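Observations on the three-dimensional arrangement
So the chains spell out like this:
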Amino acid sequence: MPKITVKKRHVIRKSQIADLLHLLADEIGASADLFRSDRIERVETDSPIGIYLVDKKPFLIATDDWAFPSLRGLIEHPIPERRVVVDSGAVRFVVNGADAMRPGIVSISPDIRAGHPVQVVEERHGKPLVVGIALFDAADMERQEKGKSVKSIHYVGDDLWNLEI
């Protein structure tokens, strides 16, 4: 994710909150209720991905097609959906922004769809390391033997992670 410059931020309307939570529910189902709040703010940035503050914390990211929790949101409110688990050998690469490659992936949740966001978690503790875009559906990812499976868009230590608001 490129350097993020905050231009302004504003509280969004209830109808916009409902639309955002609907997009979120399409991705993570009932776990979207963990991110429900009366006060959600949109942060205007130069990034192509929208950033939303839930109770003044950057817990959601979204585009026109999807919404998904940021890493801070996933750490504060862990969800079981859309998980790709990587082994301990892949952690040091993935945590620095590398795409998740098939040999390092040990398990894949069956609800993953190509072109939609997923969380990449580490094997031992289940902590989220990356939010990425799946390059394949779950079944195709399972059959894959080598190559990239998840394109990283947000990782620990990137500009969104370090965003001070």
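Residues numbered from 1 in each chain as written. Predicted model: local features only at pLDDT ≥ 70, side-chain atom pairs only at ≥ 80, totals over all residues. Heavy atoms only, no water.

Going by the annotation in an unreviewed UniProt entry, the name recorded for the protein chain is RNA-binding protein, with Methanoculleus nereidis given as the source organism.

**Structural notes on the packing of aromatic side chains**
According to the stated counting rule, one finds zero aromatic pairs in the structure shown. Above the ring of Trp-161, the side-chain terminus of Arg-72 is found at 4.2 Å from the ring centroid. (Phe/Tyr/Trp six-rings, centres within 6.5 Å; stacked < 30°, edge-to-face > 60°. Lys NZ or Arg CZ within 6 Å of the ring centre and 35° of its normal.)

**Quick look at unusual backbone geometry**
Look at Asp-55: it is not a glycine, yet its phi comes out positive at around 50 degrees. Tracing the sequence through the fold places Asp-55 in the loop between strand 3 (50-54) and strand 4 (57-62). Take Asp-55: its relative accessible area is 48%, and that puts it in the partly exposed class. You will see that Lys-56, though not glycine, has its phi angle at about 70 degrees, which is positive. Within the secondary structure, Lys-56 sits in the loop between strand 3 and strand 4. Assessed through its relative accessible area of 55%, Lys-56 is described here as exposed. (Helix = DSSP H or I, 4+ residues; strand = E, 2+ residues; numbered from the N terminus. Buried < 20%, exposed > 50% of the residue type's maximum accessible area, 1.4 Å probe, protein only.)

**So, the sheet that holds strand 7 (residues 100-101)**
Ordered in space as 7-11-10-9-6-8, the six strands form an open sheet in which the pairing is mixed. Since the sheet does not close on itself, it has two edges, and those belong to strand 7 and strand 8 (105-108), each with one partner. Looking at chain direction, strand 7 and strand 11 (residues 148-155) are connected through two bridges and run antiparallel. Residue pairing in the sheet places Ala-100 in a bridge with Val-150 of strand 11. (Pairing = 2+ DSSP bridges.)

**Points about the environment of Ile-49**
By secondary structure assignment, the location of Ile-49 is in the loop between strand 2 (40-45) and strand 3. What makes Ile-49 buried here is its relative accessible area of 12%. It is 5.4 Å that separates the C-alpha atoms of Ile-49 and Thr-63, two residues lying 14 residues apart in sequence.

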